[in-house]
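Geometric and topological summary
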Amino acid sequence: MHGSEIAIEVHDLSVAYHKRPVIWGIDFELPSGHLVAVVGPNGAGKSTLLKGILGLVPPTSGWVKIHGQPYHKQRRLVGYVPQRESVDWDFPTNALDVVMMGRYGHLGLLRRPGKKERAIAWECLERVGMADFAHRQISQLSGGQQQRVFLARALAQDAQVYLMDEPLAGVDAATEAAILQLLSDLRREGKTVVVVHHDLQTVADYFDWVLLLNMRLVAIGPTQEVFTAENLQKTYGGRLTLLADAAHALSLSR
Amino acid sequence: MDPNFLWVLSGSVLLGTSSGAIGAFAVLRKRSLLGDVLAHAALPGVCLAFMLTGAKELFPLLVGAALTGYLGVKCIDAITRWSRIKEDTALGIVLTVFFGIGVMLLTAIQHSGAGNQAGLDTFLFGQAASLVGRDVVVIAVAATMLLLAVALFFKEFKLLCFDRGFGEGLGFPMRQIDNLLMALIVMAVILGLQAVGVVLMAAMLITPAVAARYWTERLDVMVLLSALFGGLSGMAGAVVSALGPRLPTGPLIVLAATGIFLISLVAAPRRGLVAKTLRYLGTRRKVARENLLRDVYEQHELSFDGTGVASDALQGIELDRVIGESSSPGRRSRLRVAQALAKEGLLRLELTGETWICSLTPRGLQAAWDVVRRHRLWELYLTHKADLKADHVDRDADDIEHFLTPDLVARLERLLEEHHQGPRIWPSVHPLDELRR
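Structural notes, computed from the coordinates. It should be emphasised that the depicted structure is a prediction, and the values quoted were computed from it without experimental measurement. (Residues numbered from 1 in each chain as written. Chains lettered and ligands numbered in written order. Predicted model: local features only at pLDDT ≥ 70, side-chain atom pairs only at ≥ 80, totals over all residues. Heavy atoms only, no water.)

Remarks on the packing of aromatic side chains
Here is the rule: For Phe, Tyr and Trp, rings pair up if their centres lie within 6.5 Å, where Trp contributes its six-membered ring, and each pair is then called stacked (planes under 30 degrees apart), edge-to-face (over 60) or tilted (otherwise). A run of DSSP states H or I qualifies as a helix once it reaches four residues; a run of E qualifies as a strand once it reaches two. Both are numbered from the N-terminal end. For every residue, the accessible area obtained with a 1.4 Å probe (protein chains only) is divided by the maximum for its type, and the residue is called buried under 20%, exposed over 50%, and partly exposed between those limits. Only when the NZ atom of a Lys or the CZ atom of an Arg is both within 6 Å of the ring centre and within 35 degrees of the ring normal do we say a charge sits over the ring.
Across all of its chains, the model carries seven aromatic pairs over all chains by this definition. With 6.1 Å between their ring centres and 80 degrees between their planes, B:Phe25 and B:Phe154 make a pair best called edge-to-face. Of this pair, B:Phe25 sits in helix H1 (residues 5-28) while B:Phe154 sits in helix H7 (residues 154-169), and the two are 129 residues apart along the sequence. As far as the burial class goes, B:Phe25 and B:Phe154 line up, both buried. For the pair B:Tyr214 and B:Phe261, a centre-to-centre distance of 6.1 Å together with 70 degrees between the ring planes defines the contact as edge-to-face. Placement of the pair is B:Tyr214 in the loop between helix H9 (201-213) and helix H10 (219-243) and B:Phe261 in helix H11 (residues 249-267), with a sequence separation of 47 residues. When the ring centre of A:Trp63 is taken as origin, the NZ or CZ atom of A:Lys65, which lies over that ring, is 5.1 Å away. The lysine or arginine in question, B:Lys155, covers the ring of A:Tyr104, its NZ or CZ lying 5.4 Å from the ring centre.

Next comes the structure, spelled out in structure tokens:
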């Protein structure tokens with residue numbers, strides 16, 4: 001239906017900030033319909049990997065295909081949930097309005113959102129249990145509620161592939177439950193969901209695939225096969241500090 | 001009245017309106033200071049254009065202003081990209097260097113003895129009275145274009161200011177949209193130079209927008225209000241300037257805008273200082289009342305056996321045990337709170353001999369039970385869910401229990417029941433029992 005059963009194909013993707021490499025030569029193919037945890041230590045480049053796939057940071061090498069076509073042709077199929085801290089929540093707008101931004105891609109340039117967009121935004125707010133807060137100014141929402149608004153906005157994009165940057169970081173228990181429910185719903189609908197996740201303890205419970213990352217790709221695959229002590233040692237263990245040192249030296253030498 | 005006055009007035013209003021509207025986005029895009037740099041960097045352009053054309057014709061001067069203003073912005077980009085200098089420093093460098101060159105050129109022109117050079121220094125502090133019909137036509141056309149662009153790209157600018165990365169993910173040309181917004185800001189600044197002056201032009205961009213933010217939580221309303229405030233300031237500045245002997249318009253317009261800002265800062269509903277103070281005092285009173293009710297309740301609990309409905313009047317307690325001995329800090333204010341509660345019929349106060357004796361009335365018991373229950377729910381929640389030590393909890397709970405939502409309370413209810421820590425003296429049949437029926 002979307003050209004390929006491979007949801008995301010990443011080939012030799014490298015990203016550098018200010019000459020300092022953050023991720024190196026990432027290569028993988030992700031079949032569609034999985035709920036994938038991106039796991040790795042701080043500074044491993046997890047957020048950068050998502051931004052690299054989305055083209056939000058310029059890659060130094062590599063390309064990305066979504067369902068078999070280059071990313072820039074398939075943008076509509078990709079929904080993105082950035083980290084909550086990435087925006088100023090004191091912006092003069094309410095929850096419903098933020099969710100409606102998810103429809104902007106379908107509207108295109110210059111067209112105003114109308115009744116249809118409002119209805120879809122309401123539906124998405126309901127799905128994350130936030131309909132009661134639709135007209136609340138966004139700074140009046142708790143952290144967990146803000147996170148759910150961001151999720152609703154991604155839902156409004158009606159995408160096939162979702163990339164989420166730490167949606168479970170610092171949220172209350174109710175939000176965590178709501179988000180996890182939503183993630184598994186999305187998977188059941190056949191969507192592909194890639195989630196940067198911090199809590200190693202819950203990976204095996206909620207995610208059927210895992211991507212282990214520490215500047216380079218350590219492993220990717222079904223959780224039972226890949227989420228092993230050996231791979232975790234490779235991801236978090238001391239050996240890879242060598243790579244960080246090399247990157248640092250490289251940025252100094254230029 | 002000066003026959004030119006209507007031109008001056010309409011010019012100033014148009015300027016204020018358009019810079020107010022675009023200023024809302026400049027502020028939300030966190031580009032306020034850039035407007036200031038732009039205005040200052042425009043001065044050498046004005047001077048150069050005058051030196052080249054030898055005439056004080058508005059349009060070429062504005063083109064010169066736009067060119068050096070744009071160059072200044074590009075310099076900031078270049079400095080932050082290619083060196084380790086941070087943006088605030090780069091802004092400072094570019095502003096002062098360009099303005100310095102501008103003042104130097106201006107002085108050179110004034111000493112060169114060119115005939116009509118005198119008009120050029122109006123660009124420093126602004127002189128709306130120097131606007132003539134032709135200038136106003138230029139301003140009117142440009143202001144209309146600005147307002148149209150804002151209306152047309154409202155959705156895109158909102159996306160840019162709130163979450164640029166998300167916009168890029170949607171496939172919107174965010175860099176071009178950002179450039180467009182930047183160009184509109186340049187246009188608004190350049191247009192206002194003659195009337196407001198390079199030194200103060202940034203205020204026309206920032207002040208109306210910041211004032212507007214106080215009155216609304218909606219972007220469209222904010223943009224409209226900001227335009228309105230800008231227009232009003234322009235009008236006030238032009239009128240007052242015309243009254244006096246060639247008072248510079250810029251400072252007058254800016255003072256008018258600042259006046260609107262100060263009114264907003266103080267009087268705006270919800271965000272204004274008055275509203276905030278009232279809210280704070282209200283919360284403080286509520287907290288003090290509830291704390292006292294809780295203390296009385298817990299004293300009652302000490303002399304109450306078992307658990308259940310208080311069938312008869314509760315045994316009186318010495319008030320001093322609740323509000324502290326005569327020398328203890330905070331006693332006076334707690335005494336006032338107790339008297340207020342007594343007045344409302346929540347607390348019974350009786351003088352027995354030398355000492356005041358207090359007890360909760362049935363209504364007071366109901367209120368206190370409610371507070372105590374919420375407090376213990378919160379304590380329990382923190383110790384169980386947030387892994388805090390029990391003896392660290394009380395202080396936090398004291399403040400926070402007053403802000404629990406009914407929704408959260410319902411979730412904690414069950415936990416409290418499981419741990420048999422509910423308040424022991426019930427005001428009536430236990431509400432939970434009613435629910436279970």
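What about the sheet that holds strand S10 (residues 216-222) of chain A?
Residue and element names in this part refer to chain A. Convention followed: Paired strands, in this sense, are two strands between which DSSP finds at least two bridges. Axis angles are defined between N-to-C directions and span 0 to 180 degrees, where every axis is a line fitted to C-alpha atoms and, for a helix, only to the segment in contact.
In space, the six strands of this open sheet follow the order S6-S7-S8-S3-S9-S10, with mixed pairing throughout. The outermost strands of the open sheet, each flanked by one partner alone, are strand S6 (78-81) and S10. Taking the axes of each pair of neighbouring strands and ignoring which way they run, one obtains an average angle of 15 degrees across the sheet. The pairing of S6 with strand S7 (residues 161-165) spans four bridges and is classified as parallel. Among the inter-strand pairings, Gly79 is bridged to a residue of S7, identified as Tyr162.

Side note on the interface of chain B and chain A
Heads up, the rule is: Note on contacts: a residue pair is in contact if any heavy atoms of the two residues lie within 4.5 Å. Accessible area that two parts lose when put together, with a 1.4 Å probe and added across both, is what the buried area reports. Whenever Lys or Arg places a side-chain nitrogen within 4 Å of a carboxyl oxygen from Asp or Glu, that contact is recorded as a salt bridge. Polar contacts here mean pairs of N or O atoms no more than 3.5 Å apart (in protein, one a potential hydrogen donor and the other a potential acceptor; neighbouring residues in sequence count only if both atoms are side-chain atoms). Ten residue types, Ala, Val, Leu, Ile, Met, Phe, Trp, Tyr, Cys and Pro, are classed as nonpolar, four, Asp, Glu, Lys and Arg, as charged, and the remainder, Gly among them, as polar.
Across the contact, 30 residues belong to chain B and 31 residues belong to chain A. Where chain B abuts chain A, roughly 2700 Å² becomes buried across the two surfaces, and 62% of that area is made up of carbon and sulfur atoms. On the chain B side of the contact with chain A, B:Lys155, B:Phe162 and B:Phe166 bury the most area, a combined 29% of that side's loss. There are five salt bridges connecting chain B and chain A. Salt-bridge contacts for A:Asp90 lead to B:Arg213; the nearest nitrogen and oxygen are separated by 3.6 Å. Connecting chain B to chain A are eleven residue pairs in polar contact (both at pLDDT 80 or more). Broken down by element, the residue count for the side of chain B that touches chain A peaks at twelve residues, all from H7(B). Counted by class, the side of chain B that touches chain A contains 15 nonpolar, three polar and twelve charged residues.

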